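# Structural features, examined
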There are 2 protein chains.
Amino acid sequence: MSQTLDVGGENGSQPDFGLARPPLAVQLSDMLREMILEGALPGGEKIREKDLTVRFGVSRTPLREAMKVLAAEGLIELIPNRGAIVSRHSVEDLADVFPVLASLERLAGELAAVRATDAEIERICTLTANLGQTVEGANRPQYFKINQAIHDAILAASGNETLIRTHATIAGRVHRARYQANLTKSRWERALEEHGRIADALKKRDGARLGALLNEHMLAKLSSILDALQAGETGT
Amino acid sequence: MSQTLDVGGENGSQPDFGLARPPLAVQLSDMLREMILEGALPGGEKIREKDLTVRFGVSRTPLREAMKVLAAEGLIELIPNRGAIVSRHSVEDLADVFPVLASLERLAGELAAVRATDAEIERICTLTANLGQTVEGANRPQYFKINQAIHDAILAASGNETLIRTHATIAGRVHRARYQANLTKSRWERALEEHGRIADALKKRDGARLGALLNEHMLAKLSSILDALQAGETGT
DNA sequence: CTATTGAATTATGAATTCATTTTTAATGTC
DNA sequence: GACATTAAAAATGAATTCATAATTCAATAG
């Protein structure tokens, strides 16, 4: 856990082929976001700038910029002259976030049904078919990957930049929870069924139905996650 | 338009009774957000840090922090080593933002119908009644104020922090457009009718209906705004 | 022994300074 | 005259330094 960035330092080994590395502030916000979502920085914990600067080996300037971003995303809370604390992201938080995601995906479905190109629909149907194969092969990582690709494709097909952006920001907050969710076989198969109906509604360009299906799909995912948490208590 | 912050400077006139003034970065992000939404910084325009620092009389450090926040909100776009440009917020952008807001308010309505306390419902009904009086008195500013109070109250009654937060961020982006929208008398009266139905659905705790009404209400508002823009072209 | 005050320490806010990248302009060559 | 190369200028990225507010802790009064 004592990783260091070591950017701009004395690393003469990596030739650095002009691949523009992102600014420190971006790297830091990405890393901090990851840490918060992973639980490395528990909710309610006070963040001391100095600690993080020595931990990452950077100065306070880019770190503070990164913290502003995380605050705008709601992951931390900045209190003037008094530092920052990590926002609490508990089970209740999942119950807050998923309905919002479900609502946004409903809109995405309604829009995509109207605006999606035939090629986009084709692609989503193909992805849905591939999804079935992963269930047969019990390939969870692949399932997760394709599942996300489908949702992203529907969002993209909505053609609404604000919607895409908002969804991406909020979805990032539950990324981890979504991944370690689809445990049971029964839920897995049911999710596959739901995806089949989703693809079908899209093919028929039935916006109302597609929206409703996506909404229910996300809420069902929330249920399964809550069940898994309650049953296993598989906290890292 | 050449306002200056002049905070922490040599203003011996204002004794400053310990009322904690917000950090410069916050003041700057608020001010820049306002400027962008007001059109003082047109979409597509390149932002030079130096220009703004001399304009506001601050150093680059807090300004850059403010810009990170605006970038997280989607109001500007940061390009590494190449500065920032103001995101384009055109008519199409309104057409993007309002459906998202409508979708979020639909969810708010569905949740509020279940979770709102009787006192909250009471208050919203009272506000709705007051709204009618403003129409009779042709008091536009008051109408706008109460209207927003109603929407905020429904959001608050949803009890979903993520929803409240997300809505607030996005709503801020069209604040101005909403204000200069309700021009025509006919639209005004129709909006009042809609609010009556909204209050009614809430009183009956009919979530599906309340959600649908709020969704339609926002989409109707978008239509009226687009009509007004197309007709009058009343750009400041 | 407890509570309060005040100095010392520590943390955050903001300006300045240094480093790197990009852009601009100029010069030279073809 | 057009294009490429390169030096100068300007802008952004990041570290350091200075200023101010908050916290800690010891000393003293009650």
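### Some remarks on the packing of helix 1 (residues 24-38) of chain B against helix 2 (residues 49-56) of chain B
All names here are of chain B. Where helix 1 contacts helix 2, the axes come no closer than 13 Å and their chain directions differ by 110 degrees. In terms of their interaxial angle, helix 1 and helix 2 are classed as roughly perpendicular. The segment helix 1 lies against helix 2, with L28, M31, L32 and M35 engaging L52, R55 and F56. Of the residues that constitute the contact of helix 1 with helix 2, the class distribution is 6 nonpolar, no polar and 1 charged.

### A closer look at the sheet that holds strand 3 (residues 84-86) of chain A
Residue and element names in this part refer to chain A. Here we have 3 strands laid out as an open sheet, ordered 1-3-2, and antiparallel in their pairing. Since the sheet does not close on itself, it has two edges, and those belong to strand 1 (46-47) and strand 2 (76-78), each with one partner. Across 3 bridges, strand 2 lies against strand 3 in antiparallel orientation. What sits directly across from L78, in strand 3, is A84. Taken strand by strand, helix 3 (residues 60-72) contacts strand 1, strand 2 and strand 3, and its axis lies near 110 degrees from that of strand 2.

### Points about helix 9 (residues 185-203) of chain A
All names here are of chain A. In a regular helix each residue adds 1.5 Å, so 19 residues correspond to 27 Å; helix 9 covers 27 Å between its end C-alpha atoms and thus fits that length. Taken residue by residue, helix 9 has R187, W188, A191, E194, H195, I198, A199, A201 and L202 as its buried positions. End-on view of helix 9: buried residues confined to an arc of 160 degrees, all on one side of the axis. Seen from the buried face of helix 9, the exposed residues on the opposite side, beyond 90 degrees, are S186 and K203. R205 sits one or two residues past helix 9 and shows a positive phi near 55 degrees.

### Remarks on unusual backbone geometry
Positive phi, normally seen in glycine, also occurs at A:N81, with a value near 65 degrees. Its place among the elements puts A:N81 in the loop between strand 2 and strand 3.

### Examining the packing of helix 2 (residues 49-56) of chain A against helix 3 of chain A
Residues and elements named next belong to chain A. Contact pair helix 2 / helix 3: the axes reach a minimum separation of 10 Å and the direction vectors enclose 115 degrees. As judged from the angle between their axes, helix 2 and helix 3 are roughly perpendicular. Two packed elements cross with a definite hand, and for helix 2 against helix 3 that hand is right-handed. The residues of helix 3 that touch helix 2, namely those facing E49, L52 and T53, are R60, L63, R64 and M67. Residue composition of the contact of helix 2 with helix 3, by class: 3 nonpolar, 1 polar and 3 charged.

Calculation criteria
Residues numbered from 1 in each chain as written. Chains lettered and ligands numbered in written order. Predicted model: local features only at pLDDT ≥ 70, side-chain atom pairs only at ≥ 80, totals over all residues. Heavy atoms only, no water. Axes fitted to C-alpha atoms, helices over the stretch in contact; angles between N-to-C directions. Helix = DSSP H or I, 4+ residues; strand = E, 2+ residues; numbered from the N terminus. Parallel < 35°, antiparallel > 145°, perpendicular 65-115°, else oblique. Contact = heavy atoms within 4.5 Å. Nonpolar A, V, L, I, M, F, W, Y, C, P; charged D, E, K, R; others polar. Pairing = 2+ DSSP bridges. Expected span 1.5 Å × (residues − 1). Buried < 20%, exposed > 50% of the residue type's maximum accessible area, 1.4 Å probe, protein only. Arc of directions from axis to C-beta. Left-handed = near helix turned anticlockwise from the far one by under 90°.

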